[in-house]
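Listed below, chain by chain, are the residues.
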Amino acid sequence: MKYPLRENRTPGAILLNMLISFVSLFVNGFGVWLTIRADFGAAPWDVFNLGLSGTFGIRYGTASIIVSCTILLIDILLREPIGLTMIIDAVTVGKTVDLFNLLDLIPVPETIAGKILMQLAGLVVLAYTYFFYMSAALGCGPRDTLLVGLKKRLKHIPIGIVSVMLLATVTLVGWLLGGPVNVGTLICAFGSGPIMQLAFFTVRFDATKVNHRNIVDSCRVLFGRRRDNR
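Below or above, wherever it landed, is the structure these notes cover. This is a predicted model, so every value here is computed, not measured.

Rules and cut-offs
- Residues numbered from 1 in each chain as written.
- Predicted model: local features only at pLDDT ≥ 70, side-chain atom pairs only at ≥ 80, totals over all residues.
- Heavy atoms only, no water.
- Helix = DSSP H or I, 4+ residues; strand = E, 2+ residues; numbered from the N terminus.
- Contact = heavy atoms within 4.5 Å.
- Buried < 20%, exposed > 50% of the residue type's maximum accessible area, 1.4 Å probe, protein only.
- Axes fitted to C-alpha atoms, helices over the stretch in contact; angles between N-to-C directions.
- Parallel < 35°, antiparallel > 145°, perpendicular 65-115°, else oblique.
- Nonpolar A, V, L, I, M, F, W, Y, C, P; charged D, E, K, R; others polar.
- Expected span 1.5 Å × (residues − 1).
- Patch = residues over 30% accessible without salt bridge, like charges linked within 9 Å, V, L, I, M, F, W, Y side chains within 5 Å.
- Areas by Shrake-Rupley, 256 points an atom, 1.4 Å probe, with all protein chains shown as cover.
- Salt bridge = Lys/Arg side-chain N within 4 Å of Asp/Glu carboxyl O.
- Left-handed = near helix turned anticlockwise from the far one by under 90°.

## Observations regarding the environment of C140
Thought 1: Checked against the element boundaries, C140 lands in the loop between α5 (112-135) and α6 (142-153).
Thought 2: Here the alpha-carbon distance between C140 and I87, two residues 53 residues apart in the chain, equals 9.7 Å.
Thought 3: Once residues lying within four places of it in the same chain are set aside, the contact partners of C140 are M86, Y133, T145 and H212.

## Side note on unusual backbone geometry
Peptide bonds are mostly trans, and most non-glycine residues show a negative phi.
Thought 1: Positive phi values are uncommon outside glycine, yet D39 reaches one of about 55°.
Thought 2: Of note, D39 is situated in the loop between α1 (11-37) and α2 (44-56).
Thought 3: Positive phi, normally seen in glycine, also occurs at R79, with a value near 60°.
Thought 4: Counting through the fold element by element, R79 comes out in the loop between α3 (60-77) and α4 (84-103).
Thought 5: By relative accessible area, which is 78% here, R79 ends up exposed.

## Some details on the packing of α1 against helix α9 (residues 215-223)
Thought 1: Look at α1 against α9: their axes get within 8 Å of each other, and the N-to-C directions meet at 125°. Between α1 and α9, the angle is such that the two are oblique. Within the contact between the two elements, α1 uses P11, I14 and L15 and α9 uses S218, V221 and L222.
Thought 2: For the contact of α1 with α9, the per-class residue count stands at five nonpolar, one polar and no charged.

## Focus on α4
Thought 1: Here α4 contains 20 residues, and its C-alpha end-to-end distance of 28 Å stays within 8% of the 28 Å for a straight helix at 1.5 Å per residue.
Thought 2: Once α4 ends, the next one or two residues include D104, with phi positive near 55°.

## With respect to a nonpolar patch on the surface
Thought 1: Nonpolar side chains collect at one region of the surface, where L16, L19, F22, V23 and V27 lie side by side and expose about 400 Å² of accessible area between them.
Thought 2: Looking at where L16 falls in the secondary structure, it is placed in helix α1.

## As for the packing of α2 against α3
A packed helix pair is summarised by two numbers, namely the angle formed by the two axes and the spacing between the axes.
Thought 1: Look at α2 against α3: their axes get within 8 Å of each other, and the N-to-C directions meet at 120°. The orientation of α2 relative to α3 falls into the category oblique. Crossing angle aside, the handedness with which α2 passes α3 is right-handed. In this structure, α2 contributes W45, D46, F48, N49, L50, L52 and S53 to the contact, and α3 contributes Y60, A63, S64, V67 and I71.
Thought 2: Split into classes, the residues belonging to the contact of α2 with α3 amount to eight nonpolar, three polar and one charged.

## Description of the pattern of salt bridges
It is possible for side chains bearing opposite charge to pair when their charged atoms get close.
Thought 1: Considering all chains together, one arrives at six salt bridges under this definition.
Thought 2: E80 is the partner of K152 in a salt bridge, and the nearest nitrogen-oxygen pair spans 3.1 Å. A residue pair is termed long-range when its members are at least 10 positions apart, and K152 in helix α6 and E80 in the loop between α3 and α4 qualify at 72 residues.
Thought 3: You can call K152 partly exposed: its relative accessible area is 44%.
Thought 4: Look at the salt bridges and you will find they share partners, linking E80, K152 and R153 into a network.

Following this line, the structure appears as structure tokens:
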């Protein structure tokens, strides 16, 4: 499948892809909300966010923004490329979860089967929104960039092990802060990868072939006088 806007060579293409990123990350926040709403244990990073939320008496979205911005700063210190999508991600997802908490559209499932189904539904939503915002080619999320940055510095450790170490650390700290850990935490930790891979297969999307623009190049195209013909 081809995505003609992926090159982001014109201001119009970048603005449209920013809109695509925002909408997809808004829907992504709904997927995150579903995995939390299932009340069966949150995903590792959400365990951490919810732990911070409960400890300091702040909203989930506020905790998420604090964590995302902190990771974004670490990404910069690691000299990893920063894209516009990372900024949109840091602000949008957490506050979308707050919005759906306020709207309270779907009741908490009463059965274990219902909880598992809601969590799986959330993971499916997340998988397809990853496709949309990655295809916009304006950068990945702060956490994915952090994982890549850590892998580059831990050269002799497979990225899967680095990922497990990172998720285990944030889950432990989140649990110590009072974040919800349960069977659903394992479902999210080990189910998100295969579900994402299946979703990408259905749309014939190869994330490794996307050439993401960093924020500096994007701004040059947005505010420069000439079209980028790279």
